[in-house]
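Observations on the model geometry
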Amino acid sequence: MLYKYKNDYEKIAMGLLSFIPDLKEISHLKAEFNWYCEDENRVLFLWKNDHGDFVGVLGVEVSEEILMVRHISVSPANRQEGISFQMLDALVQLYPERKVMGSMETASLITKWEQRHAEI
């Protein structure tokens, strides 16, 4: 289940974002985290698994027509469970009228997710 970021989740969100290779350095991580917090059209969501643990983070930029998925990260212990696709499915349910697009880092995942939906 997706949960919109709030201050209580800061350490969890930063920990999950730190799994993204470009955000390994703490200064890059803090800058990116602050970038999301500076604008209401940039949103971080956390993903909670069936056991009640936060295991993923999803960063999006929301416009009138498009959801730009900037970041998606899942804890290493949960990467084989299809959580990224579940996170994207939940995101589309929150914003049903918008088209999902990916950044350079997330475009291949978005393409695979779209292909999976085309097959269903």
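Procedures and definitions
- Residues numbered from 1 in each chain as written.
- Predicted model: local features only at pLDDT ≥ 70, side-chain atom pairs only at ≥ 80, totals over all residues.
- Heavy atoms only, no water.
- Core = buried A, V, L, I, M, F, W, Y, C linked by side-chain atoms within 4.5 Å.
- Buried < 20%, exposed > 50% of the residue type's maximum accessible area, 1.4 Å probe, protein only.
- Helix = DSSP H or I, 4+ residues; strand = E, 2+ residues; numbered from the N terminus.
- Contact = heavy atoms within 4.5 Å.
- Salt bridge = Lys/Arg side-chain N within 4 Å of Asp/Glu carboxyl O.

1. Points about the nonpolar core
Membership of the largest hydrophobic core comes to 21 residues, with the highest contact counts inside it found for Phe45, Leu58, Val60, Val69 and Leu91. Secondary structure elements with two or more residues in this core: strand S2 (42-48), strand S3 (54-62), strand S4 (66-74), helix H3 (83-94) and helix H4 (107-119). Among the elements that line this core, the one with the most residues is H3, at five residues. Contact partners of Val69, with chain neighbours within four places excluded, come to Leu58, Gly59, Val60, Leu88, Leu91, Val100, Met101, Gly102, Ser103, Thr106 and Ile110.

2. With respect to the pattern of salt bridges
Evaluation of the coordinates by the stated rule reveals four salt bridges. For the salt bridge of Arg42 with Asp39, the shortest nitrogen-to-oxygen distance reads 3.8 Å. Between Lys99 and Glu114 there is a salt bridge, with its nearest N and O atoms 3.7 Å apart. Remark: Glu114 occurs in helix H4 and Lys99 occurs in strand S5 (residues 99-102); sequence separation between them is 15 residues. Lys99 sits in the partly exposed class, given a relative accessible area of 49%. Using a relative accessible area of 32% as the deciding quantity, one classes Glu114 as partly exposed.

3. A closer look at the environment of Thr111
Along the chain, the position of Thr111 falls in helix H4. For Thr111, a relative accessible area of 36% translates into the label partly exposed. Sequence spacing of Thr111 and Val100 is 11 residues, and the spatial spacing of their C-alpha atoms is 9.9 Å.

4. Some words on the environment of Arg70
Checked against the element boundaries, Arg70 lands in strand S4. Residue classification places Arg70 among the partly exposed residues on the basis of a relative accessible area of 28%. The spacing of Arg70 and Lys24 is 46 residues in sequence and 16 Å in space, taken between C-alpha atoms. Filtering out sequence-adjacent residues up to four positions away, Arg70 remains in contact with Trp35, Tyr36, Gly59, Val60, Glu61, Ser103, Glu105 and Thr106.

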